Amino acid sequence: EKRFRPADDVLRARALRQLRRAITEDLSLRTVDFNGNYPEPRESDVLAYYRAHLPQWRRPERAVLSVVFVNVPPMTQAELSDAKATEAWKARMRQAADSMIRAVKAGAVLDLVSADFGGPRPDVNVLPDNFPGYWKGSAAQQAAVFKLPPGGLLPEPVPSTDGYLVVRLDKVEPSHVAPLGAVAGDIRAR
């Protein structure tokens, strides 16, 4: 203990630094929300408006995905200019994506088997009718995303603008009415 313990004055200084910190909470209000041209609505008015317009605050189902872009090595200029070479490159990417999916289904970890492709890119948020521009999958693949259990993989690779995608569902947020706290600012502005 004597060998690894800091000196008493160092310990005392650390303790004093920690004791001098304070944790505060604040309520930040934007001045643009209080321009004085109209009377501020009462909380009961905001709550009444919220309850009267519940369908307006409905949020669609949302999924958070992790996506592996299977497109390495990238297409060369020669492959781009030759249709057969382009198809051969796409076939190689499809084969790599298929083998990645099989490995994960056999118990491998997606982060490890996809390391050569840069690993999964997390936090890709999608709605049933709004997927990223690089997603070239079918409507059935889009619908299948919302039927997966959290942590589940789509059973087949998804075509993209450049190669294929291996898609894992991280979480699904079901359709719901937004809480009052999330929409109170909009209600007050109205």
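Residues numbered from 1 in each chain as written. Predicted model: local features only at pLDDT ≥ 70, side-chain atom pairs only at ≥ 80, totals over all residues. Heavy atoms only, no water.

Student: Now, about the side chain of Thr 86: what can you tell me, with residues and values included?
Tutor: Relative to the elements of secondary structure, Thr 86 occurs in helix α4 (residues 83–105). Thr 86 gets classed as buried once you look at its relative accessible area, which sits at 14%. One polar contact links the side chain of Thr 86 to the main-chain carbonyl oxygen of Glu 79, over a distance of 2.4 Å. In contact with Thr 86, other than residues within four places in its own chain, are Met 75, Glu 79 and Leu 80. (Helix = DSSP H or I, 4+ residues; strand = E, 2+ residues; numbered from the N terminus. Buried < 20%, exposed > 50% of the residue type's maximum accessible area, 1.4 Å probe, protein only. Polar contact = N/O pair within 3.5 Å; in protein donor to acceptor, adjacent residues only side chain to side chain. Contact = heavy atoms within 4.5 Å.)

Student: An account of a positive patch on the surface is needed here, citing residue identities and associated values.
Tutor: A contiguous patch of positive charge on the surface is contributed by Arg 14, Arg 17, Arg 20 and Arg 21. Looking at where Arg 14 falls in the secondary structure, it is placed in helix α1 (residues 8–19). (Patch = residues over 30% accessible without salt bridge, like charges linked within 9 Å, V, L, I, M, F, W, Y side chains within 5 Å. Areas by Shrake-Rupley, 256 points an atom, 1.4 Å probe, with all protein chains shown as cover. Salt bridge = Lys/Arg side-chain N within 4 Å of Asp/Glu carboxyl O. Lys, Arg positive; Asp, Glu negative; His and termini not counted. Charge placed at Lys NZ, Arg CZ, Asp CG, Glu CD.)

Student: Requested: an account of the packing of helix α2 (residues 43–52) against helix α7 (residues 180–189), with residues and values cited.
Tutor: Relative orientation of the contacting elements α2 and α7 amounts to 105°, with a least axis distance of 10 Å. When the interaxial angle is binned, α2 and α7 end up roughly perpendicular. Each of Glu 43, Val 46, Leu 47, Tyr 49 and Tyr 50 in α2 lies in contact with α7, whose residues at this interface are Leu 180, Val 183, Ala 184, Ile 187 and Arg 188. (Axes fitted to C-alpha atoms, helices over the stretch in contact; angles between N-to-C directions. Parallel < 35°, antiparallel > 145°, perpendicular 65-115°, else oblique.)

Student: So what about the confidence of the model for the protein chain? Which residues, and what values?
Tutor: Overall, the prediction assigns the protein chain a mean pLDDT of 91, with 100% of residues at 70 or greater. Mean pLDDT in the protein chain bottoms out at α1, which sits at 83, and peaks at strand β4 (residues 158–160), which reaches 97. (pLDDT = per-residue confidence, 0-100.)

Student: Talk me through the sheet that holds strand β2 (residues 62–70); I want residue IDs and the actual numbers.
Tutor: Sheet strands line up and pair through hydrogen bonds in the backbone, either parallel or antiparallel. Pairing within the open sheet is antiparallel, and its four strands lie in the order β3-β2-β5-β4. Strand pairing shows two members of the sheet lacking a second neighbour, β3 (121–126) and β4, which therefore form its edges. With direction set aside, neighbouring strand axes in the sheet form an average angle of 45°. Sheet topology note: the β4/strand β5 (residues 163–173) ladder contains three bridges and is antiparallel. Bridge pairing in β5 places Val 158 opposite Leu 165. (Pairing = 2+ DSSP bridges.)

Student: Lay out α7 in plain terms, naming residues and giving numbers.
Tutor: Of all the residues in α7, the buried ones are Val 183, Ala 184 and Ile 187. Seen from one end, α7 has its buried residues packed into an arc of 135°, which puts them on one side. Opposite its buried face, α7 presents the exposed residues Gly 181, Ala 182 and Ala 189, each directed more than 90 degrees away. In the core, the buried residues of α7 are packed alongside α2 and β1 (58–59). (Arc of directions from axis to C-beta.)

Student: Requested: an account of the environment of Val 126, with residues and values cited.
Tutor: Among the secondary structure elements, Val 126 is positioned in strand β3. Excluding residues that lie within four positions of it along the chain, Val 126 makes contacts with Glu 61, Arg 62, Ala 63, Leu 65, Phe 131, Pro 132 and Phe 146.

Student: Which residues make up the packing of aromatic side chains, and what values do they have?
Tutor: As enumerated under the stated definition, the model contains three aromatic pairs in all. Geometrically, the ring pair formed by Phe 131 and Phe 146 is edge-to-face, given 6.4 Å between the ring centres and 85° between the ring planes. Linking Phe 131 in the loop between β3 and α6 (139–145) with Phe 146 in the loop between α6 and β4, this pair joins segments that are 15 residues apart in sequence. Look at Phe 131 and you get buried, because its relative accessible area is 12%. What links up through ring pairs into an aromatic cluster is the set Phe 131, Trp 135 and Phe 146. (Phe/Tyr/Trp six-rings, centres within 6.5 Å; stacked < 30°, edge-to-face > 60°.)

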